[in-house]
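Structure assessment
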Amino acid sequence: MYRKKALAVALAALLSSSVSGANQADVANYYEDANRLFYSDDLPGAMIQLKNALQLNPKHLPSLILSGDILLKEGDAAAAEYALRQAQEFGADPSLLVINLAESYLQQGKYRALVEDINADDISPTERVPLLGYQAEALTVLGKFTDAHLKIEYALSLENNALLPSLAEVALLLKEGKRTDAQEKAKQLLMQYPDDPRAWNSLASTLHASGRLSEALKAYSKALELDRAHVDARVAKIGILVDLDRKGDARAELDVLKEVAEHEPRGAYFRGLLLEDENETESKESYQLAAQIIDAVPEQRLKLDARLLMLGALSHYALAQLEEARSYLELYLRRNTTDVGARKLLGDVLLKQDVPEEAIRVLQAARAYASRDPAYLSLLAAAYSATGRDTQAASILEEAVGLSRNLNLQTQLAQSRIKAGKSVAEDIERLQSLYEKNPSHQSGVVLLVHYLNEGLIDQAQAIGKTLVANSPDNATYQNLYGVSLLAAGQLGAARQQFEHVLSITPAFLPAKINIAKIDTLEGQLLQARESLLALNQAEPENVKVVLELARVEEADGNIAEARKWAERATSMQSGHLEASLYLADILVALQAYEEAESAIRAAVHANGNSLEAKSALAQIQFIQQKNKAGLTTLKTMVKDAGFDIDALYKIARLQLRAGSIKDAQYSLAKILQVDSQNYQALVLITELQSKQGLFNDAQTSLDQLRAAYPQNPVSAKLQGDLFLAQGRLPEAETAYREGLALQPVDSLAVSLVRTLQQQGRIDDALSEAAKWRDAMPESLILKATESELLLHKHNYRGAVVLLAELLKAQPDNVSLLNNMAYALSHLNVGEALKFAKHAYGLAPENPLVTDTYGWLLVKNGDREEGLRYLREAVSRAANRPEILYHLSSVLAELGRDAEAKRYIVKALASDLPFSERHKAERLKEQLFE
């Protein structure tokens, strides 16, 4: 339950280290030694060899997975979690991690995370059973008894009398006060698992709860005979011995407990209790030790464990105030502090009254939470410009240039809010019309910023030219035009423009920063660094200068220095969005996810209406497996976006990536409220409804799409896909043919071929593939599809011809290389190895590629080398029967029958088809003779 800090830190150091040119053969040898020691029950020896392997290759999946298993067995749940999370991050098969990860959470008291954050979608129902047991146990601790019963019921429906769910049921019944039922269940369980210490401990706990201490003591002793390191049984036994005043026996048990679980606070407490009448000093030290251990336990863990709270009574967590009330606000804004629209409206009024200082006061007060609103920024810039402070105005406008979200620009220009449901496109159209009639500086600046955000560089440059022509001495407009040139990648022209700005206003800081940006882009890092350091010395509080220094260091490969500058930028202006986003990116690259989340939270707090900040927060939450929190963040984004179509579509895509179809549908429905014929939303919602099996709803959406876009072949493609999802293959075939009649699209042709293949019409599928390949000779996907069909027909020579053509166009396409290796393996193993090696060099994390390379090495006579790659493949795809068969085969050849049996049994238990099943069955017969 508690962290062995030294070991956890040591493991973290190992996994974060990197040794260039690591000898992978040595890594494999260390792992194989560890594996043999593990099977011989020498866990410390195995761990030593695993550390050696990880010292050479911190990303070696088999070693990380086995380390997690051993650390868990040794009681170091935190270090086990770290190893397992590393394996997960590097691509290990979830089925090899989920159960051990769940157990590590349970041992650490991470109950809510165990229930909410562990994704079981990628493991089979049978493998899910123990996870359900662990989750039921966590739900019991959380007091969610109904949910716990449901988990147990589901688990036992998958596997009757499964151990972990049954253990959880005993604990749940005890928690509900149903001692008789609990005891009966424990007895039934013991009949099923008479040699399992957990079953004996379960029975002992029911006897203990009923006050039958002598019987409970015997049951706990039996559990400890079977597992000397069973901490809960040992602690419970000590408790009974203390209650029975058998102090000598209790001390003997405490000595064993200290040996197997040094940092168990209940042991320290009992020792203090036993010493209380004998040695006050030692007793006090024991109590202090118990308190220190509990103080290190997370608050959430303490809240959920009454025993620790009763035991320690020392840990208290105070809530901190996160923010102070804002000052210098008008009466309305004091009561509605985040109403940016109101601030923009008031600021515009003050500008028209020719009191720009007052406008600056009102708008600047909203800077912390409105700094990503282009309309707000252009108003604030106009206010500064009206007071003659062009440098500040230009700096603010440059903040607006990189914005990714379109807000209601017409609010600023029309001095009123836009009615709900009006699209940004309409606002821009009105603004463009206004600009053409009277190209004022304000409308022109807003349009230029908008076009840069949308990537419409030509339009932005056209407006920039007009601005500088009408105001040749205005450094702000000249600089903004240079920004448009920079956005177009015209570095030389942009440099000349910024130099022209400095000829007008030599001290104009934004132009100096922009020239340094160009130096960085052109690789002149020394020059960029020197320029920026000089600027930083002159203006040490300028965030943009500090941020550019960070980017220079990043470009030079100095990530640690980049982080320091980025952290300095955020400390100078808390919540500065650009700086916070950049710092978060750096921290994510360094895998410092908690710190990255903290940086983004500060930005979200300071920029409440920023979709960009919240999007970054959600993605970091998903990286950390905080899926529920990430989805909640996305929901707040939907509310903030209002009816901004572009923003809602982007949010819907993020929600889909997070697996929340329901939330994505809501976002898309909001789009269709505004624009019932929105192409992107109709396409996506049709696909979603089809995937959910809501075929009638999908057909309704599709009919709407086809009515709006009758000549669009995508509609026919979706219709075919919808029929296919319903198993209506002939109708799907017809729909695809209709689409091809509208326009020959290779994706439609591939869908037609696949549909014919599903109907078992392989020859027809080959014929259609060849026909459409001739019609669209440039289509690589059609050639690839035909080559796969040829492989299916065992026409390896024909497949090789097509794959050779494809590889000329895509020499580093991993799938093509792997297929070529497979085809050639039936013709020439030596030649096949070249392609397999090339594929592995490009995609060492792809288990199918790794399996192909490893198996070809074995077939070429290099079994030891091949074994290394097959181990890696199984680590990433533990349920692929062909990979399991290959590993079992080479282990059998090496005389390691115990392991070989384990993998061949698992391979043949799979329902997945694989071409070598008959060979696998023969191997099993040989192994079990």
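Residues numbered from 1 in each chain as written. Predicted model: local features only at pLDDT ≥ 70, side-chain atom pairs only at ≥ 80, totals over all residues. Heavy atoms only, no water.

A few points about the overall build of the chain
Note the threshold: Strands are runs of DSSP state E lasting at least 2 residues, helices are runs of H or I lasting at least 4, and numbering of each runs from the N terminus. The classification of residues rests on relative accessible area computed with a 1.4 Å probe and restricted to protein chains. Under 20% of the type maximum is buried, over 50% is exposed, and intermediate values are partly exposed. Residue contacts are defined here by distance: any two heavy atoms, one from each residue, within 4.5 Å place the two residues in contact. For the area figures, the Shrake-Rupley method with a 1.4 Å probe applies, and any residue is considered shielded solely by the protein chains shown.
For the chain, the helix and strand inventory stands at 56 helices and zero strands. Scored against the burial criterion, the 929 residues of the chain give a buried share of 51%. Across the chain, every contact between residues at least 6 apart in sequence was considered, and the portion connecting residues at least 24 apart equals 53%. Total accessible area on the chain stands at roughly 42900 Å², and carbon and sulfur atoms take up 50% of it.

A short note on the nonpolar core
The test is simple: Put simply, buried Ala, Val, Leu, Ile, Met, Phe, Trp, Tyr and Cys residues joined by side-chain atoms within 4.5 Å make one nonpolar core.
In terms of nonpolar packing, the biggest core is built from 56 residues, with Ala87, Leu114, Ile118, Leu131 and Tyr220 touching the most fellow members. The contact partners of Ile118, leaving out residues within four places of it in the chain, are Val98, Leu101, Ala102, Tyr105, Ala113, Leu131 and Gln135.

Digging into the packing of helix α43 (residues 695-708) against helix α44 (residues 713-725)
The following threshold applies: Every axis corresponds to a line fitted to the C-alpha atoms, with the helix fit spanning only the stretch in contact, and the corresponding angles, defined between N-to-C directions, vary from 0 to 180 degrees. In these notes the angle categories are as follows: under 35 degrees is roughly parallel, over 145 is roughly antiparallel, 65 to 115 is roughly perpendicular, and the rest is oblique. Working rule for handedness: look at the near helix, and if it is turned counterclockwise from the far one by less than a right angle, call the crossing left-handed; if clockwise, right-handed.
Where α43 meets α44, the closest approach of the two axes is 10 Å, and the angle between their N-to-C directions is 170 degrees. What the angle tells us is that α43 and α44 run roughly antiparallel. In the crossing of α43 with α44, the sense of the turn from one axis to the other is left-handed. In this structure, α43 contributes Phe695, Ala698, Gln699, Leu702, Leu705 and Arg706 to the contact, and α44 contributes Ser715, Ala716, Leu718, Gln719, Leu722 and Ala725.

A look at the environment of Ser63
As a reminder of what qualifies: Any pair of N or O atoms that falls within 3.5 Å is considered a polar contact. Within protein, one atom must be able to donate a hydrogen and the other to accept it, and sequence-neighbouring residues count only if both atoms are side-chain atoms.
Inspection of the secondary structure puts Ser63 in helix α4 (residues 61-73). Classification of Ser63 as buried rests on a relative accessible area of 0%. Placed 13 residues apart in sequence, Ser63 and Leu50 show a C-alpha to C-alpha distance of 5.6 Å. Excluding anything up to four places from it in sequence, Ser63 contacts Tyr31, Leu50, Ala53 and Leu54. A polar atom in the side chain of Ser63 sits 2.7 Å from the side chain of His60.

Notes on unusual backbone geometry
The phi dihedral of Asn161 falls on the positive side, at around 65 degrees, and the residue is not glycine. Take Asn161: it is sitting in the loop between α9 (145-158) and α10 (163-175). Phi is positive for Gln625, which is not a glycine, with a value near 65 degrees. With respect to the helices, strands and loops of the structure, Gln625 is situated in the loop between α38 (611-623) and α39 (627-641). Residue Gln625 is classed as partly exposed on the basis of its relative accessible area of 21%.

Some details on the packing of aromatic side chains
Stated precisely, the cut-off is as follows: Each Phe, Tyr or Trp ring, with Trp reduced to its six-membered ring, pairs with another whose centre is within 6.5 Å; inter-plane angles below 30 degrees give stacked pairs, above 60 give edge-to-face pairs, and intermediate values give tilted ones. Sitting over a ring, as applied to charges here, requires NZ of Lys or CZ of Arg to be within 6 Å of the ring centre and within 35 degrees of the ring normal.
Tallied over the entire structure, the rule returns seven aromatic pairs. Taking 6.3 Å as the distance between ring centres and 75 degrees as the angle between the ring planes, the aromatic pair formed by Tyr796 and Tyr822 counts as edge-to-face. Of this pair, Tyr796 sits in helix α49 (residues 796-809) while Tyr822 sits in helix α50 (residues 814-825); the two residues are 26 residues apart in sequence, bridging distant segments of the chain. When its relative accessible area of 34% is taken as the criterion, Tyr822 is described as partly exposed. An aromatic cluster is defined as three or more aromatic residues linked by ring pairs; in this entry it consists of Tyr840, Tyr853 and Tyr869. Above the ring of Phe928, the side-chain terminus of Lys901 is found at 5.1 Å from the ring centroid.

Considerations on helix α33 (residues 525-538)
To be explicit about the condition: Under the convention used throughout, the expected extent of a helix is 1.5 Å for every residue step, that is, one less than its residue count. The arc in question is the one traced by the directions running from the helix axis out to the C-beta atoms.
The end-to-end C-alpha separation of α33 is 20 Å, in line with the 20 Å expected for 14 residues at 1.5 Å each. Along α33, the positions that sit buried rather than exposed are Leu525, Ala528, Arg529, Leu532, Leu535 and Asn536. Down the axis of α33, the sector holding all buried residues measures 130 degrees, keeping them to one side. Turned more than 90 degrees away from the buried face of α33, the exposed residues are Leu526, Glu530, Gln537 and Ala538. Along its buried surface, α33 packs onto α32 (509-521), α34 (543-555) and α35 (559-572).

Some thoughts on the packing of helix α42 (residues 679-691) against α44
Let me state the cut-off plainly: Residue classes follow a fixed rule: Ala, Val, Leu, Ile, Met, Phe, Trp, Tyr, Cys and Pro count as nonpolar, while Asp, Glu, Lys and Arg count as charged, and any other residue, Gly among them, counts as polar.
Direction vectors running N to C along α42 and α44 enclose 10 degrees, while the axes themselves pass 10 Å from each other. With respect to their mutual orientation, α42 and α44 come out roughly parallel. Residues Tyr679, Val683, Glu687 and Ser690 of α42 form the contact with α44, whose own contacting residues are Val714, Leu718, Asp721, Leu722 and Ala725. Of the residues contributing to the contact of α42 with α44, the split by class is six nonpolar, one polar and two charged.

Structural notes on the pattern of salt bridges
Put simply, the test is: Put simply, a salt bridge is a Lys or Arg side-chain nitrogen that is within 4 Å of an Asp or Glu carboxyl oxygen.
Across all of its chains, the model carries 45 salt bridges by this definition. The partner of Arg212 in a salt bridge is Glu215, with the nearest N and O atoms 2.8 Å apart. By relative accessible area, Arg212 is classed as partly exposed at 32%. Note that Glu865 and Arg868 form a salt bridge whose closest N and O atoms lie 2.6 Å from each other.

Comments concerning the confidence of the model for the chain
Condition: The pLDDT score gives, residue by residue, the confidence of the prediction method on a 0 to 100 scale.
Per-residue confidence for the chain averages 80 on the pLDDT scale, and 84% of its residues sit at or above 70. The weakest mean pLDDT in the chain belongs to helix α26 (residues 409-414) at 30; the strongest belongs to helix α54 (residues 881-893) at 94. Low pLDDT (under 50) marks residues 1-22, which in the prediction has 49 contacts with non-local residues, meaning those over four places away or in another chain. Every residue in residues 404-424 scores below 50 in pLDDT, and together they form 59 contacts with partners more than four places removed in sequence or on other chains.

Observations regarding the side chain of Gln497
Take Gln497: it is sitting in helix α31 (residues 491-504). Looking at Gln497, the relative accessible area reads 10%, which means it is buried. Those residues within four positions of Gln497 in sequence are excluded, and the remaining contacts are Gln478, Tyr481, Gly482 and Leu485.

Looking at helix α46 (residues 746-758)
Here α46 is 13 residues long and its end C-alpha atoms lie 18 Å apart, about the 18 Å a rise of 1.5 Å per residue gives. Among the residues of α46, Leu748, Ala749, Val750, Ser751, Leu752, Val753, Thr755 and Leu756 are the ones counted as buried. On its buried face, α46 is in contact with α44, α45 (729-742), α47 (762-775) and α48 (780-792). Gly760 occupies a position one or two residues after α46 and carries a positive phi of about 80 degrees.

Here's the deal with the side chain of Lys783
Among the secondary structure elements, Lys783 is positioned in helix α48. In this structure Lys783 comes out as buried when scored by relative accessible area, which is 14%. In contact with Lys783, other than residues within four places in its own chain, are Arg773, Pro777, Leu802, Glu805 and Leu806.

Looking at the environment of Ala599
Relative to the helices and strands, Ala599 resides in helix α37 (residues 593-606). Note on Ala599: relative accessible area 12%, which makes it buried. Residues Ala599 and Tyr582, spaced 17 residues apart in sequence, show a C-alpha to C-alpha distance of 9.5 Å. Discounting chain neighbours no more than four positions away, the residues touching Ala599 are Ser580, Leu583 and Leu587.

With respect to the environment of Leu756
Within the secondary structure layout, Leu756 lies in helix α46. Measuring from C-alpha to C-alpha, the distance between Leu756 and Glu768 comes to 8.9 Å, with twelve residues separating the pair along the chain. Setting aside anything within four residues of it in sequence, one finds Leu756 in contact with Glu733, Arg737, Arg761, Asp764, Ala765 and Glu768.

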